[in-house]
Amino acid sequence: MAPSKLNSIMGDVSVSGSQPENCLVDFNSEKAVQELLQQPPVQGIDDHLIEFSEALRTVAKALRRVSEGKASAQAEAAEWKRKYELERARSLQLERKGFTPNESRGFTEKLSSGEHNGDYSAENLTNEPMMCMEARKQSERCCGKHGIFSHEVLHNGEIGSDNEVVNNKFMRKASFKLSWWCKGEKSDQHKHDIVSFERGNITTAERSSKQISLQWESHPQTVLILTKPNSTSVRILCAEMVRWLREQKKMEIFVEPRVKVELMTESSYFDFVQTWKDDKEALLLHTNVDLVVTLGGDGTVLWAASLFKGPVPPVIPFSLGSLGFMTPFRILHFYEVEHYRECLDSILRGPFSITLRHRLQCHVIRDTAKSEYESEGPILVLNEVTIDRGISSFLTNLECYCDSSFVTCVQGDGLILSTTSGSTAYSLAAGGSMVHPQVPGILFTPICPHSLSFRPLIFPEHVTLRVQVPFNSRGHAWASFDGKDRKQLAPGDALVVSMAPCPVPTACQVDSTSDFLRSIHDGLHWNLRKTQSFDGPRDL
């Protein structure tokens, strides 16, 4: 580089202050420039970069703690909202029965103090409203003498403000009670006696072999029949079943509007069959229907469960297909009328075993929501809720939290949150475990995760799971509920999942465990192989 250019660029460099004049650097010498360029870089630049990266890590950790705290607060707010809604619904039921807030509070205090421990029969429940409310409160506190009552699982209370519709169109439901039984014998074990403390020793109740039995306390009067659409054999069997229940059992029959049209097209004899006109009347079905009969497969059972947003009457599922995990009553041919009549006779007489199939309730909280109370839902699912990447070609990026704890960040095709009843569905295909339907828990199964160490989990029933799409996600996610009602989740949106308070009781042909093992043997050919030949070398 020429000295003239160096002068024009750098100018004269001098050291001001008390520095001596021989400290001036002469840039007119090309040799001096070369020596300057060969000097090592300024010490401390690398140290500043390291300090800056450490500061960025500290900021990232702080942001992560803030995100976890926000998720914990949102989950807690959602749980408090759910408790508030349940308490509000209970208060409304008390007001409809004629209780004032002070009376209901005093009545509850009496029950908690143990002043009412009597035995209430079906006649007392029918004739005395006060004793009915007393029995309901008492059964909810597990203080009755007959195990688990219908009020605990299937509340007979009316939901909705249209009392005229309820009084005019719907009749009183049949009452029943549930009890534990083991090897055909009833048990006095109450449902909350899981852990006992006696003489300083902690013992757990042997409940693994116990089943749940349902006994009618009054004869059921109303049945809802749900059928698989577009099936000729199902339509013929439905007409035969409606005729038999009406003529032989003197029962009131409810069907879907579609089925009512099909029956009326076939014959005007079916004019007595009832149905509902709109969603408002459909929400009141649980106040009148004593039991539900499904004709189809597992999909028909899912449809039946979706009709009831709250308590669900006992479901008798008939299988008319080749594969079914929730339909133990098999009808291979539509002309096998004697088989279904024997099954229904046994169910109507009672007692019979039931399986309480837990459901999940889901809330979608948008990023634009001002509070946790602004959510879409609740959406109830019997099998699973799936969060996937939809049509996007990018990996799904999901942040998962369990209560206030960070679980993991899912990177893959998606995530399945399943009930134990849904463990033999999509979750099983994605590598999840098969779980007995009466085991209370939530299955956490990734779909094609981008990590070989990402294995499925099973969470206990009392937790609240939160799945959130982070703001740095490359694309949107999609949530589907029992394979339908897909919703798009944009960055910042979250899905909150917890166990629903009202299960789906399905009737068993033998008992819960026998039906479950039969379903995986017949449906999946589980562990089916040829028996090893007995001829060959043997141990001496």
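Structure: above.
Remember, it's a predicted structure, so these values are computed and weren't measured experimentally.

> Describe the overall build of the protein chain, naming the residues involved and giving the relevant values.
Broken down by element type, the protein chain carries 15 helices and 24 strands. Burial statistics for the protein chain: of 540 residues in total, 42% are counted as buried. Here the contacts in the protein chain between residues at least 6 apart in sequence split such that 68% fall between residues at least 24 apart.

> Go over helix H9 (residues 232–248) with me, naming the residues and quoting the values.
Counting along an α-helix, one turn takes 3.6 residues, and residues three or four places apart therefore face a common direction. With 17 residues, H9 should reach 24 Å at 1.5 Å per residue; the first-to-last C-alpha distance of 24 Å fits that figure. Buried within H9 we find Val-234, Leu-237, Cys-238, Ala-239, Met-241, Val-242, Trp-244 and Leu-245. Each element contacted by the buried residues of H9 is listed here: strand S7 (222–227), strand S8 (252–255), helix H10 (257–266), strand S9 (291–296), strand S10 (315–319) and helix H13 (337–349). Just past H9, the residue Lys-250 takes up positive phi, approximately 55 degrees.

> Got a sec to walk through the packing of aromatic side chains? Specific residues and values, please.
Tallying each qualifying case throughout the model produces nine aromatic pairs. With a centroid separation of 6.4 Å and an interplanar angle of 45 degrees, the aromatic rings of Trp-216 and Phe-352 are classed as tilted. With Trp-216 in strand S6 (residues 211–216) and Phe-352 in strand S12 (residues 352–357), this pair connects stretches of sequence that are 136 residues apart. Residue Trp-216 shares its accessibility class with Phe-352, and that shared class is buried. Members of the aromatic cluster, joined through ring pairs, are Tyr-269, Phe-270 and Phe-272.

> Which residues make up unusual backbone geometry, and what values do they have?
With an omega of -10 degrees, the peptide bond between Gly-350 and Pro-351 qualifies as cis. Assignment of secondary structure puts Pro-351 in the loop between H13 and S12. Even without being glycine, Cys-448 reaches a positive phi, approximately 45 degrees. As for its position among the elements, Cys-448 is in strand S18 (residues 441–449).

> Would you mind going over the pattern of salt bridges in detail, with residue names and values included?
On inspection of all chains with the given rule, the structure shows eleven salt bridges. A network of salt bridges, in which partner residues are shared, links Arg-366, Glu-376, Lys-487 and Asp-493.

> Which residues make up the nonpolar core, and what values go with them?
For soluble globular proteins, nonpolar side chains are generally found buried alongside one another. Counting 41 residues, the largest nonpolar core has Ile-225, Leu-295 and Phe-318 as the members making the most contacts within it. For this core, the element with the most residues is H9, which contributes eight residues. Setting aside anything within four residues of it in sequence, one finds Ile-225 in contact with Cys-238, Met-241, Val-242, Leu-245, Ile-253, Phe-254, Val-255, Glu-256, Val-293 and Leu-295. Grouped together as the second largest cluster of nonpolar side chains are 28 residues, Val-385, Phe-444, Phe-459 and Val-469 included.

> Go over the pairing of strand S20 (residues 465–468) with me, naming the residues and quoting the values.
The two faces of S20 match: Leu-465 and Val-467 on one face and Arg-466 and Gln-468 on the other face are all buried. When strand S16 (residues 396–402) meets S20, the two strands line up antiparallel, connected through four bridges. Residue pairing for S20: Cys-402 is matched across the bridge by Leu-465. For S20 and strand S23 (residues 494–499), the ladder comprises four bridges, and the chain directions are antiparallel. Looking at the pairing, Leu-465 lines up with Val-497 of S23.

> Provide a residue-level description of the packing of H9 against H10, including the pertinent values.
Packing of H9 against H10 brings their axes to within 11 Å, and their N-to-C directions diverge by 80 degrees. Of the possible angle classes, the one that applies to H9 and H10 is roughly perpendicular. Counted together, Arg-235, Cys-238, Ala-239 and Val-242 of H9 and Val-259, Glu-262, Leu-263 and Glu-266 of H10 form the full contact between these two elements. Looking at the contact of H9 with H10, its residues break down into five nonpolar, no polar and three charged.

> Lay out H13 with the relevant residues and their values.
Taking 1.5 Å per residue as the helical rise, H13 with its 13 residues ought to reach 18 Å, and the 18 Å between its terminal C-alpha atoms agrees with that figure. The complete set of buried residues in H13 reads Tyr-340, Cys-343, Leu-344, Ile-347 and Leu-348. All buried residues of H13 fall inside an arc of 130 degrees around its axis, so they share one side. Opposite the buried face of H13, by more than 90 degrees, sit the exposed residues Glu-342 and Arg-349. With its phi angle positive at about 70 degrees, Gly-350 sits one or two positions after the end of H13.

> Report on the state of the cysteines, specifying residues and quantitative values.
Two cysteines joined by a covalent bond between their sulfur atoms form a disulfide. One pass over the full model with this rule turns up zero disulfides. Here Cys-409 stays free of any disulfide, with the sulfur of Cys-400 as its closest cysteine sulfur at 7.5 Å. A residue is classified by how much of its surface remains accessible, and Cys-409, at 32% relative accessible area, is partly exposed.

> I'd like a description of the packing of H9 against H13, backed by residues and values.
At their nearest, the axes of H9 and H13 sit 11 Å apart, and the two run at 45 degrees to each other. As summarised for this structure, H9 and H13 are arranged oblique, according to the angle between their axes. Judged by the sense of rotation from one axis to the other, the crossing of H9 with H13 is right-handed. Contact with H9, carried on its side by Leu-237, Glu-240, Met-241, Trp-244 and Leu-245, involves Val-337, Tyr-340, Arg-341, Leu-344 and Asp-345 of H13 and no other residues of that element. Among the residues making up the contact of H9 with H13, the classes are represented as seven nonpolar, no polar and three charged.

Conventions adopted
- Residues numbered from 1 in each chain as written.
- Predicted model: local features only at pLDDT ≥ 70, side-chain atom pairs only at ≥ 80, totals over all residues.
- Heavy atoms only, no water.
- Helix = DSSP H or I, 4+ residues; strand = E, 2+ residues; numbered from the N terminus.
- Buried < 20%, exposed > 50% of the residue type's maximum accessible area, 1.4 Å probe, protein only.
- Contact = heavy atoms within 4.5 Å.
- Expected span 1.5 Å × (residues − 1).
- Phe/Tyr/Trp six-rings, centres within 6.5 Å; stacked < 30°, edge-to-face > 60°.
- Salt bridge = Lys/Arg side-chain N within 4 Å of Asp/Glu carboxyl O.
- Core = buried A, V, L, I, M, F, W, Y, C linked by side-chain atoms within 4.5 Å.
- Pairing = 2+ DSSP bridges.
- Axes fitted to C-alpha atoms, helices over the stretch in contact; angles between N-to-C directions.
- Parallel < 35°, antiparallel > 145°, perpendicular 65-115°, else oblique.
- Nonpolar A, V, L, I, M, F, W, Y, C, P; charged D, E, K, R; others polar.
- Arc of directions from axis to C-beta.
- Disulfide = S-S within 2.5 Å.
- Left-handed = near helix turned anticlockwise from the far one by under 90°.

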